[in-house]
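Secondary and tertiary structure notes
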Amino acid sequence: MIKLLLVFLLILSPFNKVSEFEKDCIEQVNALRKQERTKPLSIDPKLSAQCQRYARKLARTGKFEHDPRLRNNVGENIAMSSDPSIDPIEIWKHSTGHRQNILSRDYETVGIAKASNNANETYYVMRLK
């Protein structure tokens, strides 16, 4: 039983790690939400894993499009840049639709990820649920 539990924890451990990029982005998002008197979002590791898979797909294919498979209760912000110093939160908070997603009271959790390709393009994906 203990061995089974340890194996289970090892398998799920990647979902519990939060990157510095994620932490920084979530801090910025929650600071903006606090200014607007909106409840902070919590990080959803499974949502971040989905974002990571989709960001990798965008980087691999070079396509820049929202995921058509998303359900209605999930918001998505995407961005792409060839400048590695770009801050996607800065882009999104100055775009009406993206800002509405970030500040929506309908969402309680968030995931975010980025992926780069050989063309020096970085794709950013944020999902809110």
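It should be noted that the structure appears before, not after, this text.
About the cut-offs
- Residues numbered from 1 in each chain as written.
- Predicted model: local features only at pLDDT ≥ 70, side-chain atom pairs only at ≥ 80, totals over all residues.
- Heavy atoms only, no water.
- Pairing = 2+ DSSP bridges.
- Helix = DSSP H or I, 4+ residues; strand = E, 2+ residues; numbered from the N terminus.
- Contact = heavy atoms within 4.5 Å.
- Axes fitted to C-alpha atoms, helices over the stretch in contact; angles between N-to-C directions.
- Core = buried A, V, L, I, M, F, W, Y, C linked by side-chain atoms within 4.5 Å.
- Buried < 20%, exposed > 50% of the residue type's maximum accessible area, 1.4 Å probe, protein only.
- Polar contact = N/O pair within 3.5 Å; in protein donor to acceptor, adjacent residues only side chain to side chain.

Re the sheet that holds strand β4 (residues 122-128)
Taken in spatial order, the four strands make up an open sheet running β1-β3-β4-β2, and their pairing is mixed. Edge positions in the open sheet fall to β1 (42-43) and β2 (75-81), since each of these has one partner strand only. Pairing of β1 with strand β3 (residues 109-116) involves two bridges; the strand directions are parallel. Residue pairing across strands places Ile-43 opposite Val-110, the latter belonging to β3. Contacting β1, β3 and β4, helix α2 (residues 20-35) crosses the sheet at an angle of about 135 degrees to β3. Helix-sheet contacts for helix α3 (residues 45-61) involve β1, β2, β3 and β4, and the interaxial angle to β3 is about 30 degrees.

As for the nonpolar core
Ile-89, Trp-92, Ile-102, Ile-112 and Met-126 are the most contacted members of the largest nonpolar core, which has 17 residues in total. Of all the secondary-structure elements, those providing two or more residues to this core are α2, α4 (88-93), α5 (96-103), β3 and β4. A per-element tally of this core places α2 first, with five residues. Filtering out sequence-adjacent residues up to four positions away, Met-126 remains in contact with Val-29, Cys-51, Gly-75, Glu-76, Asn-77, Ile-89, Trp-92, Ile-102, Val-110, Gly-111 and Ile-112. Core analysis: the next-biggest nonpolar cluster, separate from the first, contains 10 residues, Cys-51, Ala-55, Leu-58 and Ala-115 among them.

Observations concerning the side chain of Asn-77
Among the structural elements, Asn-77 can be located in strand β2. Of the residues examined, Asn-77 reaches a relative accessible area of 0% and is grouped as buried. A polar contact of 3.4 Å, which involves the side chain of Asn-77, links it to the backbone oxygen of His-98. Ignoring sequence-local partners within four residues, the contact set of Asn-77 consists of His-66, Trp-92, His-98, Asn-101, Ile-102, Tyr-124, Val-125 and Met-126.

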